[in-house]
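Residue-level structural notes
Residue-level listing of the chains:
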Amino acid sequence: MFRSVEAFLRYFEGVNRRAMRDIAALPPEAEGWTPATGEGEKSWSINQLVGHMCGSRLYFASAYSGEGWISPRPPNVSTREKWVPALEVSFREFRTKISGTPDEWLDRRVEMIDTDATLPGWRVLLMMMEHDIHHRSQIDTYAGINGWDVPDIYNRSAETIGGLQAQERAKHGIEGEGNPLA
């Protein structure tokens, strides 16, 4: 668990960098791409998903800050060139809203939008981050099914790690074949 708002923001900055990296890696044909089937969020274009990620960050920041679960209009992400700048701006706006809030707010209870329940502030922040990662993964899945390159998380592929397994097993005195991850 995060013990300070600044620690959370440092971590989320890395999550945002990975989102920007993956979005930037999309080819021109990703612009306007929409799944062939589905309704609601399941039918959103990549453009809409990027805009949704940007706006949702501020939705969660509003709730965390005690200003209600207010969803702003998404930014203009009508073209691929606007995607990464929109993610950058939404991260800066999120950081501005959250930075400087007391660390005690991590434990402060936040009323939910749709029930009488409350959540601690830290959980609201993690919900935002999980939501962001969920939609980045959705976009990465769309990239994969279209045959577009998807950056390796942490710059390591399963094949790379699989190729190092025999060496790692020997180093730690573990016998047997192991999992080549291929």
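Each remark here, short or long, concerns the structure printed above.
Note that this is a predicted model, so its numbers are computed, not measured.

Moving on, we get to the overall build of the protein chain. Of regular secondary structure, the protein chain possesses six helices and two strands. Traced from its N-terminal end to its C-terminal end, the protein chain shows the element sequence α-α-α-β-β-α-α-α. Each of the 182 residues in the protein chain was classed as buried or not, and the buried ones make up 38%. Partitioning the contacts of the protein chain with sequence separation of at least 6, the portion at a separation of at least 24 is 68%. Accessible surface, the protein chain as shown: approximately 10,500 Å² in total, 52% of it carbon and sulfur. Computed over 20 positive and 26 negative side-chain charges, the inter-centroid distance for the protein chain is 4 Å.

Throughout the structure, instances matching the rule amount to five salt bridges. Aspartate 22 serves as the salt-bridge partner of arginine 136, at 3.8 Å between the closest nitrogen and oxygen. Here arginine 136 is found in helix α4 (residues 121–145), whereas its partner aspartate 22 is found in helix α1 (residues 5–24), with 114 residues between them in sequence. When its relative accessible area of 8% is taken as the criterion, arginine 136 is described as buried. Aspartate 132 serves as the salt-bridge partner of arginine 57, at 2.7 Å between the closest nitrogen and oxygen. In this pair, arginine 57 is assigned in helix α2 (residues 46–64) and aspartate 132 in helix α4, connecting sequence segments 75 residues apart. Each member of the pair, arginine 57 together with aspartate 132, is buried. The network of salt bridges with common partners includes Arg21, Asp22 and Arg136.

Of all hydrophobic cores here, the largest spans 22 residues; its most connected members are Phe8, Phe12, Phe94 and Ile98. At the level of elements, α1, α2, α3 (83–98) and α4 are the ones that each hand at least two residues to this core. Top element by residues in this core is α2. It accounts for six residues. In this view, isoleucine 98 contacts Val5, Leu9, Ala61, Tyr64, Ser65 and Leu125; residues no more than four positions away in its chain are not counted. Met20, Leu26, Ala86 and Leu87 belong to the second-largest nonpolar core, a separate cluster that totals 19 residues.

The next subject is a negative patch on the surface. A surface patch of negative charge is lined by Glu6, Asp103, Glu104 and Asp107. In this fold, aspartate 103 is placed in the loop between α3 and β1 (109–111).

Moving on: unusual backbone geometry. Phi angles above zero are rare outside glycine, and tyrosine 154 is one such case at about 60 degrees. Its location among the elements puts tyrosine 154 in the loop between α4 and α5 (158–163). Positioned with a positive phi, asparagine 155 is a non-glycine residue whose angle comes to about 60 degrees. If you trace the backbone, asparagine 155 turns up in the loop between α4 and α5. Overall, the relative accessible area of 68% leaves asparagine 155 in the exposed class.

Analysis parameters
Residues numbered from 1 in each chain as written. Predicted model: local features only at pLDDT ≥ 70, side-chain atom pairs only at ≥ 80, totals over all residues. Heavy atoms only, no water. Helix = DSSP H or I, 4+ residues; strand = E, 2+ residues; numbered from the N terminus. Buried < 20%, exposed > 50% of the residue type's maximum accessible area, 1.4 Å probe, protein only. Contact = heavy atoms within 4.5 Å. Areas by Shrake-Rupley, 256 points an atom, 1.4 Å probe, with all protein chains shown as cover. Lys, Arg positive; Asp, Glu negative; His and termini not counted. Charge placed at Lys NZ, Arg CZ, Asp CG, Glu CD. Salt bridge = Lys/Arg side-chain N within 4 Å of Asp/Glu carboxyl O. Core = buried A, V, L, I, M, F, W, Y, C linked by side-chain atoms within 4.5 Å. Patch = residues over 30% accessible without salt bridge, like charges linked within 9 Å, V, L, I, M, F, W, Y side chains within 5 Å.

Limitation: the analysis is restricted to geometry and does not speak to function.
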